[in-house]
Amino acid sequence: MNASADERQAGFRSPREVALGGPVGFLAFGFCSGLSPRAPGTAGSAMALLLGLPLLGLPTWIGAVIVVLTFLIGIPICERASRAMGVHDHGGIVWDEFVGVWMVLLTLPAHPAWWLAAFIVFRVFDIAKPWPIGWLDRRVRGGLGIMIDDVVAAGYAIAVLALLRLGLERIG
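Here goes a summary of the coordinates provided. Since the model is a prediction, treat every value here as computed from it, not as a measurement.

Here is what the cut-offs are and how they apply
- Residues numbered from 1 in each chain as written.
- Predicted model: local features only at pLDDT ≥ 70, side-chain atom pairs only at ≥ 80, totals over all residues.
- Heavy atoms only, no water.
- Helix = DSSP H or I, 4+ residues; strand = E, 2+ residues; numbered from the N terminus.
- Rg over C-alpha atoms; globule rule 2.2 N^0.38 Å.
- Buried < 20%, exposed > 50% of the residue type's maximum accessible area, 1.4 Å probe, protein only.
- Contact = heavy atoms within 4.5 Å.
- Lys, Arg positive; Asp, Glu negative; His and termini not counted.
- Charge placed at Lys NZ, Arg CZ, Asp CG, Glu CD.

A few points about the overall build of the protein
Phase 1: The helix and strand inventory of the protein stands at 8 helices and 0 strands.
Phase 2: Reading the secondary structure of the protein in the N-to-C direction produces α-α-α-α-α-α-α-α.
Phase 3: Taking 172 residues into account, the globule formula puts the C-alpha radius of gyration at 16 Å, and the protein, at 16 Å, falls close to it.
Phase 4: The principal-axis extent of the C-alpha atoms belonging to the protein is close to 60 × 30 × 25 Å.
Phase 5: In the protein, buried positions account for 46% of the 172 residues.
Phase 6: Of all intrachain contacts in the protein linking residues separated by at least 6 positions in sequence, the fraction that spans at least 24 positions is 74%.
Phase 7: Distance between charge centres in the protein, computed from 13 positive and 12 negative side chains, equals 1 Å.

Structure (structure tokens):
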């Protein structure tokens with residue numbers, strides 16, 4: 001959800017001020033990718049793909065530990081950035097997209113076509129918010145609320161891509 005200046009209460013900071021104001025905002029806004037004026041979640045997901053490249057050389061279990069840690073670290077990061085702006089789940093907070101995209105990437109072959117598929121399928125679920133993603137997005141507050149809907153969107157993407165892989169293996 002994007003917030004205009006009217007939605008923010010007096011005394012709160014703008015997204016740009018939060019993103020550039022310190023390490024927490026810089027991380028929450030995905031190294032400023034979330035400041036994109038159009039589709040910040042998509043920009044954050046694209047940045048996650050680039051930053052996910054080092055996952056290629058790691059054993060899956062180490063990648064999983066990294067993703068779990070980025071999820072756990074993301075809860076207070078997103079909470080603090082959200083509170084600084086006075087807006088819950090501002091669209092520019094994209095650390096949650098990083099975690100979601102990386103979750104999906106860990107389950108796929110290290111091939112550009114699969115990574116592009118991960119990006120697209122994750123974005124579809126993150127934008128469409130089928131149940132329970134939308135329900136979680138509306139009901140769970142704070143940093144956990146910001147993070148959890150993207151984790152579930154990633155779970156849906158993982159399931160769809162696993163079925164696609166299975167189907168392609170049976171055909172090929």
